[in-house]
Amino acid sequence: MSFVRAMLATWRAVLADAGAVLLLLGACVAYSFFYPLPYERETVERVPVAVVDQDDSPLSRQLIRFAMASPQLAVRQIGRDLPAAQAALASGEVLGLALIPAGFKADLQRGKRVEVQIAGNAAYALINKTVLSGFAAAAGTLSAGIDVRRFASHGASMQQALDAAMPVNYIARPAFNVNEGYGSYVVPGVAPLIVQQTLVIGMSLLLGLWAEQRRAGLAPLPTRLQARPWSGFFGLWAAFAAIGLLNALYFFGFVFHFQGYPQAPRLVEMLALAALFALASSAFGLCLGQFFDVRERGMQLLLFSSIPMLFVSGFPWPAESLPEPIATLRWLLPSTPGIQASLAVNQLGAPFTAVTTELLALAAQIVGWGAAAAWLFRRRWAPQ
């Protein structure tokens, strides 16, 4: 019963603290709506571009019409003045430009290779990719039409000309991220980190507050739990782990479905992953929280750790490109196996056998961080 009382006392302490409620319960709800908002449209469309047509021929105008028909591009400027188009690109008025060189039609008719130069703003990777692919598709369509007419002029039927112009028929069918959207890529990968960081920072806030109360001569919750030190500690840990589990299931079960992100969940694997991840994250938070003696200190120090944790997880940056010490130490963070396992289970429908390494890593962290947290907890809050 002391274990249950410790859990209930912890939850009462959380609900009595507005800041803790905001971080431990409200932050994940806020993140689930506001973080995906900029990526709501998923794919980039109608990027404003300029076309510099120095040939002014029927073929060059046909290429421009193909570019205008592309859903990826919005042709805002057409002219012959390259410096003016470059100035528009530099000012941000357009985000890409294509240069059709003089002699474009004549060179094509002579069978010579023609280069259409395309420039974009590489500071915006997705926009730059859209500009390049939009102009490439327009040029490819024009090139295929020229090849079809050339084969047809040599006596081939229309079907034979089409087959000769496109000997390999390329059809792309994305297996999981069917819309190839940025939101479907980034939000499922960041979600476990959001769950971990809101939990850890919220726990550090409470532990810092309890340290302040103890210095003020009050009896904070950890001191009261020392009457039953082991059951009290495990009750405290279980209460925070339950909050982490609730937030993880909220993301994995509701948010991904509500936002329309790719899902191929395996229920047993998802529940096991969420439980292990919540236990590891709460143990990690209990361990770190012992070092904060001021309520706000944990937020001040841990808030800026989120980006490094994301980059070393192997999700946005290849783990093979990380320095060897960092590539090893990153497995001490629950977010590293949590992100990899979540993507595999929730997006790819992977079975247990495919995420064995990640689940074992989380289990090892539960033991390691849990033991460290228990030792620090008893040492810090033992009766004086």
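Shown above is the structure to which this text applies.
Residues numbered from 1 in each chain as written. Predicted model: local features only at pLDDT ≥ 70, side-chain atom pairs only at ≥ 80, totals over all residues. Heavy atoms only, no water.

Draft legend 1. Representation of the overall build of the chain. A count of helices and strands for the chain gives 16 helices and four strands. For the chain, the spread of C-alpha atoms along the three principal axes comes to 95 × 45 × 40 Å. Expressed as a percentage of its 384 residues, the buried residues of the chain come to 45%. Taking the contacts inside the chain whose residues are at least 6 apart along the sequence as the reference set, 79% of them involve residues at least 24 apart. Total accessible area on the chain is roughly 19,500 Å²; 64% of this is exposed by carbon and sulfur atoms. Each charge sign in the chain was given a centre, from 27 positive and 21 negative side chains, and these centres are 9 Å apart. (Helix = DSSP H or I, 4+ residues; strand = E, 2+ residues; numbered from the N terminus. Buried < 20%, exposed > 50% of the residue type's maximum accessible area, 1.4 Å probe, protein only. Contact = heavy atoms within 4.5 Å. Areas by Shrake-Rupley, 256 points an atom, 1.4 Å probe, with all protein chains shown as cover. Lys, Arg positive; Asp, Glu negative; His and termini not counted. Charge placed at Lys NZ, Arg CZ, Asp CG, Glu CD.)

Draft legend 2. Up close: the nonpolar core. Membership of the largest hydrophobic core comes to 73 residues, with the highest contact counts inside it found for Leu24, Trp210, Leu236, Phe240, Phe251, Phe252 and Leu286. A total of 16 residues in this core trace back to one element, the largest contributor, which is helix H8 (residues 182-215). Those residues within four positions of Leu286 in sequence are excluded, and the remaining contacts are Met203, Leu207, Phe233, Leu236, Trp237 and Ala373. Counting residues in hydrophobic clusters, the runner-up holds 17 residues, among them Val49, Val51, Leu95 and Val131. (Core = buried A, V, L, I, M, F, W, Y, C linked by side-chain atoms within 4.5 Å.)

Draft legend 3. Seen up close, the sheet that holds strand E1 (residues 47-53). Sheet architecture is open: four strands sit in the order E2-E1-E3-E4, paired in mixed fashion. In this open sheet, the two edge strands, each paired with only one partner strand, are strand E2 (73-79) and strand E4 (117-120). The sheet shows a mean angle of 20° between the axes of neighbouring strands, direction not considered. As paired strands, E1 and strand E3 (residues 96-100) are joined by four bridges and run parallel to one another. Following the sheet pairing, Asp53 is matched in E3 by Ile100. The strands touched by helix H3 (residues 58-69) are E1, E2 and E3; relative to E2, the strand with the most contacts, the crossing angle is about 150°. (Pairing = 2+ DSSP bridges. Axes fitted to C-alpha atoms, helices over the stretch in contact; angles between N-to-C directions.)

Draft legend 4. Expanded view of empty space enclosed by the protein. Evaluated as defined, the whole model comprises one cavity of 30 Å³ or more. Roughly 70 Å³ of volume is contained in the largest cavity. Taken together, Val51, Leu63, Ile64, Ala67, Ala98, Ile100, Val116, Ile118, Phe135, Ala138 and Ala139 make up the full set of residues lining the largest cavity. Going through the elements one at a time, H3, E3 and helix H6 (125-153) are the ones with two or more residues in the lining of the largest cavity. Tallied by class, the residues present in the lining of the largest cavity amount to eleven nonpolar, no polar and no charged. (1 Å grid on protein atoms, 1.4 Å probe; cavity = no way out; pocket = protein on both sides within 12 Å on 5 of 7 lines; lining within 4 Å. Points joined across faces, edges and corners; volume = space filled by probe spheres on them. Nonpolar A, V, L, I, M, F, W, Y, C, P; charged D, E, K, R; others polar.)

Draft legend 5. Structural view of unusual backbone geometry. A positive phi angle, close to 55°, is found at Arg46, a residue other than glycine. Looking at where Arg46 falls in the secondary structure, it is placed in the loop between helix H2 (18-34) and E1. Judged by its relative accessible area of 41%, Arg46 is partly exposed.

Draft legend 6. How the structure looks around the pattern of salt bridges. Inspection of the entire model under this criterion finds four salt bridges. The salt bridge partner of Arg295 is Asp17, with a shortest N-O separation of 2.7 Å. With Arg295 in the loop between helix H11 (267-289) and helix H12 (297-302) and Asp17 in the loop between helix H1 (2-15) and H2, this pair connects stretches of sequence that are 278 residues apart. Of the two residues, Arg295 and Asp17, neither departs from the other in class, the shared state being buried. (Salt bridge = Lys/Arg side-chain N within 4 Å of Asp/Glu carboxyl O.)

Draft legend 7. Highlighting the environment of Arg61. Position of Arg61 among the secondary structure elements: in helix H3. Sequence spacing of Arg61 and Ile100 is 39 residues, and the spatial spacing of their C-alpha atoms is 9.7 Å.

Draft legend 8. Representation of a nonpolar patch on the surface within the structure. On the surface, Val29, Phe33, Phe34, Leu37, Phe254 and Phe258 cluster together into a nonpolar patch covering about 610 Å² of accessible area. At the level of secondary structure, the elements contributing two or more residues to the nonpolar patch comprise H2 and helix H10 (229-258). The biggest single contributor to the nonpolar patch is H2, with three residues. Relative to the helices and strands, Phe34 is located in helix H2. (Patch = residues over 30% accessible without salt bridge, like charges linked within 9 Å, V, L, I, M, F, W, Y side chains within 5 Å.)

Draft legend 9. Geometry of the packing of aromatic side chains. Applying the stated criterion across every chain, the model contains 16 aromatic pairs. Ring plane angle 50° and centroid distance 5.9 Å describe the contact between Phe233 and Trp237, whose orientation is recorded as tilted. Of this pair, Phe233 and Trp237 are both found in helix H10, four residues apart, which corresponds to roughly one turn of the helix. Like Trp237, Phe233 is buried. Three or more aromatic residues joined by ring pairs make a cluster, and in this case those are Phe33, Tyr250, Phe251, Phe254 and Phe258. (Phe/Tyr/Trp six-rings, centres within 6.5 Å; stacked < 30°, edge-to-face > 60°.)

Draft legend 10. A look at the packing of H2 against H8. Orientation of H2 relative to H8, taken along the N-to-C sense of each, is 170°, at an axis distance of 8 Å. Between H2 and H8, the interaxial angle falls into the category roughly antiparallel. At the point where H2 passes H8, the crossing takes the right-handed sense. Counted together, Gly19, Ala20, Leu23, Leu24, Ala27, Cys28 and Tyr31 of H2 and Ile194, Val195, Thr198, Leu199, Ile201, Gly202, Met203, Leu205 and Leu206 of H8 form the full contact between these two elements. (Parallel < 35°, antiparallel > 145°, perpendicular 65-115°, else oblique. Left-handed = near helix turned anticlockwise from the far one by under 90°.)

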